[in-house]
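Examining the three-dimensional arrangement
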Amino acid sequence: MGRNFIVADVGGTHIRTACFPVDSQKPIDVKKIHTKGPGTPHERLINLIAAVAPEGDEIAAITIAAPGPTDPYEGIVFEAPNIPEWKNLPLKKLVQDCFAVPVAIGNDANLAALGEWRFGAGIGHCNLVYFTVSTGIGGGVINDNQLLLGVRGLAAELGHVTVLPDGPLCSCGQRGHLEAVSSGPAIARWVEQEISKGVSSSLTVKHPITAKDVSMAASQGDELARSALGRAGSYMGITIADFLHIFNPSMVIIGGGVSQSGEAFFGPLRKAMHEHILSEKYLENLVLTKAALGDDVGLMGALALAQKLDESPPCP
Ligand SMILES: [Zn+2]
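Residues numbered from 1 in each chain as written. Predicted model: local features only at pLDDT ≥ 70, side-chain atom pairs only at ≥ 80, totals over all residues. Heavy atoms only, no water.

**Points about the coordination of the zinc ion**
The condition is simple: A donor here means an N, O or S atom no more than 2.8 Å from the metal, or no more than 3.2 Å when the metal is Na, K or Ca. Since water is not included, a site may seem to lack partners. Three labels apply to residues, based on accessible area from a 1.4 Å probe with only protein chains included: buried if under 20% of the type maximum, exposed if over 50%, partly exposed otherwise in between.
Protein-derived coordination of the zinc ion comes from His160 (ND1), Cys170 (SG), Cys172 (SG) and His177 (ND1), at a distance range of 2.0 to 2.3 Å. Written as a sequence motif, the donor residues of the zinc ion are H-x9-C-x1-C-x4-H. Judged by its relative accessible area of 42%, Cys172 falls in the partly exposed class.

Below you can see the structure in the form of structure tokens.
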């Protein structure tokens, strides 16, 4: 009889689950379905967890990466983008009631940081800051080998820091957050605005422009596209300097689709980071790198959480 971890990554579009033997990083089964379909999203999740659990084996723990603000202590998802049913959902209890094994949940970006630290780009670094820059900007902080959670588990919302007080509206309803300036949709929106002001570009606004289009155009020398990525990179660089001052990490990891934009993004990012740093001491031996785990980061983060849970189970 084997002993396995079941891990899940829940997004607004897809739910993925995987089964890992407790001593392995290679899954023995992975399954993926749409989040929306017959049944509620949490019923679909529970069915998909059951679907990867080998019959007769012991489940050592189930861990779930959940989108949106989450209380990892109580196991509650406060809300989840694109899953309107998930408001103050007691997800940990719902899963525990079904399987009667240890269950833990965490915010997906926080767990991504944990995954990169344990299995990805951050191996060997005790202090790191992780960003994912895609549709939104999320993050996580590893401080002295511990994931920073805060009193309700809401720490490290690294994309929701103000960089332009009167700037564009953020998905959270506030103005001028980093996410509203440097995320993929923010980059695309800025390009569309500039084109509508008459700035010339190889991109046209006939079809909605995506950050991927901007990245492609920039690589072909389009000046507006290069400016857009440079602007997003600069604000990232300013924000990273802030976080270096707060956390003094030895590594900054950047994941998500926008991190694939190359030097048009990373050049201005590094320049702004250097210009806004308090002391060169923060930059000595600092490693700025891209994430290593790709699309698997949510599952691997949940696996890192499962291993932690198995090593030091919470008091009953
Ligand atoms: Zn925000």
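Read on, since the account is not over.
**Section: the pattern of salt bridges**
To be explicit about the condition: By definition, a salt bridge exists where a carboxyl oxygen of Asp or Glu is found within 4 Å of a side-chain nitrogen of Lys or Arg. Secondary structure elements follow DSSP: runs of H or I of four or more residues count as helices, runs of E of two or more count as strands, with numbering from the N terminus.
A full pass over the atoms with the stated rule returns 11 salt bridges. For the salt bridge of Glu263 with Arg270, the shortest nitrogen-to-oxygen distance reads 2.8 Å. By relative accessible area, which is 49% here, Glu263 ends up partly exposed. A salt bridge links Glu275 to Lys271; the shortest N-O distance between them is 3.0 Å. Here the residue Glu275 and the residue Lys271 both occupy positions in helix H8 (residues 263-275), the gap between them amounting to 4 residues, near one helical turn. Lys271 matches Glu275 in its accessibility class, with the two residues each being exposed.

**Notes on helix H2 (residues 91-99)**
Here is the rule: The arc in question is the one traced by the directions running from the helix axis out to the C-beta atoms. Contacts between residues were defined by any pair of non-hydrogen atoms, one from each residue, lying within 4.5 Å.
Among the residues of H2, those classed as buried are Leu91, Lys92, Val95 and Phe99. Summarising the axial view, the buried residues of H2 lie within an arc of 95°, below the 170-degree limit, and thus occupy one face. The elements touched by buried residues of H2 are helix H1 (41-52), strand S4 (58-66), strand S6 (76-79), strand S7 (87-89) and strand S8 (103-107). Directly beyond the C-terminal end of H2, a positive phi value near 50° is found at Ala100.

**Some words on the state of the cysteines**
What counts is decided by this rule: Any two cysteine sulfur atoms lying within 2.5 Å of each other are counted as a disulfide.
Applying the stated criterion to the full structure yields 0 disulfides. Here Cys19 stays unpaired: no disulfide links it, and the sulfur of Cys98, its closest cysteine neighbor, is 17 Å away.

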